[in-house]
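Examining the three-dimensional arrangement
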Amino acid sequence: MNTLEIDFLKELYKHFKENTLYGKWIRHQDIAPILPKYNAKFEVSQIGTSEEERPIHQLKIGRGSKKILLWSQMHGNESTGTRALFDLFNCFLNDDNLVFGKILEECTLIFIPMLNPDGAEVYTRVNAHNVDLNRDAVAKIAKESKLLRAILDDVNPQFGFNLHDQRTIFNVEGTKNPATISFLAPSEEVTRALTKGRIETMDVIVSMNALLQNCIPNFVGRYTDEFYPTATGDNFQKLGHNTILIESGHYPDDYEREETRKYTFYAILQGLHHIANSSSFRNYEPYFDIPNNDKLFFDVIHRYSDCKKDVAYQYEDKIIEGKFVSKLNKVDENSLESKLGHKEIAFNDKIV
């Protein structure tokens, strides 16, 4: 397996991280000023508009026969993948390493770095008409869903990267580690059969997991593969486009997801590198060695000597008067003995 060196990735990230993008609330107005610089090497174009007429952009680079479509922020409040993509754009713009030369020789890359700018503006999962784009692959009610499908049909990609964020509740099964990155090779139908497409998708995920185990061992999980008949990844996989789901999650003390952003960048680049350097995609068995996601965590737990009095809290992120705010909300949970808090505070019998 051709796995990138960690020291190489660290140097790349140190030099090419897009520092104008920071934190979880990333809007179209944040990416618009930096898009023009990519005209030097990318084909940058506006491919459509959102329900509220915000621009949706595409960046295209490469000349190879392996076509790869990557999109992020179809959920407006999930920006880690967007930030990681701009870090990657900077690498292609500024670095002439053979790794990037090989990718561009073998692949044609098409990026949609913010599919849901209306949701991004107000930090919501859904679009301006309250449609979850990731559950609109069949009905295609939303303008943004129609656009993504049109691009898919036009590009006809061999692989797709579907970039999302997952909640802080998830841990890697069998560990007390948060699921910092989780992968999924989506099912094509309810039996979850190992089709040719799923095997090829799993092969790429095996490569990405192998890399991440070198830097964050036991912080990588596998997202549930139950079939969602209206979901984007499941339907794209069913249509013959191998779709790799990357769920960017929590890393200890990283609520801005800047560490997670780095590992998302590592994973995407490793996936592209693997695709560019592979003639077949059959190494799928180690995919099933990746532990499942489990739900062990709350953001904060108050512990008391009588464990029945323990209280759990989760952060709720929202925009209030134009500012990003994280509020702790109490969670109703019968027993917290088997649960963990990303932060735990021990009290005496006095309940606060």
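Residues numbered from 1 in each chain as written. Predicted model: local features only at pLDDT ≥ 70, side-chain atom pairs only at ≥ 80, totals over all residues. Heavy atoms only, no water.

Side note on the environment of His-250
Residue placement: His-250 occurs in the loop between β9 (242-248) and α9 (258-276). A residue is classified by how much of its surface remains accessible, and His-250, at 2% relative accessible area, is buried. Distance in space between the C-alpha atoms of His-250 and Thr-180 is 4.8 Å, their sequence separation being 70 residues. Setting aside its immediate chain neighbours within four residues, His-250 contacts Thr-168, Pro-178, Ala-179, Thr-180, Tyr-255, Arg-257, Thr-260 and His-342. (Helix = DSSP H or I, 4+ residues; strand = E, 2+ residues; numbered from the N terminus. Buried < 20%, exposed > 50% of the residue type's maximum accessible area, 1.4 Å probe, protein only. Contact = heavy atoms within 4.5 Å.)

Topic: the sheet that holds strand β13 (residues 323-331)
Judged by pairing direction, the sheet is mixed, and its four strands sit side by side in the order β13-β12-β11-β14 without closing on themselves. In this open sheet, the two edge strands, each paired with only one partner strand, are β13 and β14 (340-346). For this sheet the average axis-to-axis angle between neighbouring strands, irrespective of direction, equals 30 degrees. As defined by bridge partners, strand β12 (residues 311-320) adjoins β13 across nine bridges and the pair is classed as antiparallel. Looking across to β13, one finds that Ile-320 is bridged to Lys-323. (Pairing = 2+ DSSP bridges. Axes fitted to C-alpha atoms, helices over the stretch in contact; angles between N-to-C directions.)

A few points about the sheet that holds strand β3 (residues 66-72)
Whenever strands of a sheet pair, they do so through backbone hydrogen bonds, lying parallel or antiparallel. Pairing is mixed across the open sheet formed by eight strands, whose spatial order is β1-β2-β4-β3-β5-β9-β7-β8. In this open sheet, the two strands that pair with only one neighbour each are β1 (43-49) and β8 (220-222). Adjacent strand axes in the sheet meet at a mean angle of 20 degrees, parallel and antiparallel pairs treated alike. As defined by bridge partners, β3 adjoins strand β5 (residues 159-165) across five bridges and the pair is classed as parallel. Counterpart to Ser-72 in the pairing with β5 is Leu-163.

What to know about the packing of aromatic side chains
In total, this model carries 21 aromatic pairs according to the counting rule given. Ring centres of Tyr-38 and Phe-86 lie 5.9 Å apart, and the angle between their planes is 55 degrees; this geometry places the pair in the tilted category. One end of the pair, Tyr-38, is in the loop between α2 (28-31) and β1; the other, Phe-86, is in helix α3 (residues 80-94), with 48 residues separating them in the sequence. The class of Tyr-38 is buried, set by a relative accessible area of 0%. Seen in terms of ring centroids, Phe-42 and Phe-92 are 6.4 Å apart; in terms of plane orientation they differ by 85 degrees. Their pairing is edge-to-face. Taken as a pair, Phe-42 in the loop between α2 and β1 and Phe-92 in helix α3 lie far apart in primary sequence, 50 residues in all. With respect to burial, Phe-42 and Phe-92 carry one shared label: buried. (Phe/Tyr/Trp six-rings, centres within 6.5 Å; stacked < 30°, edge-to-face > 60°.)

With respect to unusual backbone geometry
Note: most peptide bonds trans; most residues except glycine with negative phi. Even without being glycine, Gln-73 reaches a positive phi, approximately 55 degrees. One can find Gln-73 in the loop between β3 and α3. Owing to a relative accessible area of 0%, Gln-73 belongs among the buried residues under this scheme. Positive phi, normally seen in glycine, also occurs at Asn-218, with a value near 70 degrees. Relative to the elements of secondary structure, Asn-218 occurs in the loop between α7 (196-213) and β8.

Side note on the nonpolar core
A general feature of soluble globular proteins is that nonpolar side chains tend to end up buried together. Counting 66 residues, the largest nonpolar core has Phe-111, Phe-161 and Ile-246 as the members making the most contacts within it. With nine residues, the single largest contributor to this core is α9. Contacts of Ile-246, omitting those with residues within four sequence positions, involve Phe-161, Asn-162, Leu-163, His-164, Ile-181, Ser-182, Phe-183, Met-208, Thr-264, Ala-267 and Ile-268. Listed in part, the 16 residues of the second largest apolar core include Trp-71, Met-74, Ala-142 and Leu-147. (Core = buried A, V, L, I, M, F, W, Y, C linked by side-chain atoms within 4.5 Å.)

Digging into the environment of Asn-116
Tracing the backbone through its elements, the reader meets Asn-116 in the loop between β4 (107-112) and α5 (117-122). In the structure, Asn-116 is positioned 65 residues away from Glu-51 in sequence and 9.1 Å away in space, judged by C-alpha atoms. Beyond its immediate stretch of four places on either side in the chain, Asn-116 contacts Gln-73, Met-74, His-75, Gly-76, Thr-124, Arg-125, Val-126, Asn-127, Leu-133 and Glu-144.

Describing the pattern of salt bridges
Under the criterion given, the structure shown has 22 salt bridges. The salt bridge partner of Lys-37 is Glu-18, with a shortest N-O separation of 2.6 Å. In this pair, Lys-37 sits in the loop between α2 and β1 while Glu-18 sits in the loop between α1 (6-16) and α2, placing the two residues 19 residues apart along the sequence. You can call Lys-37 partly exposed: its relative accessible area is 36%. (Salt bridge = Lys/Arg side-chain N within 4 Å of Asp/Glu carboxyl O.)

So, the pairing of strand β2 (residues 55-62)
In this structure, β1 lies alongside β2, joined through six bridges in antiparallel fashion. Bridge pairing in β2 links Gly-48 to Ile-56. Taken together, the four bridges between β2 and β4 define a ladder with antiparallel strand orientation. Paired with Ile-61 across the two strands is Leu-109, which belongs to β4.

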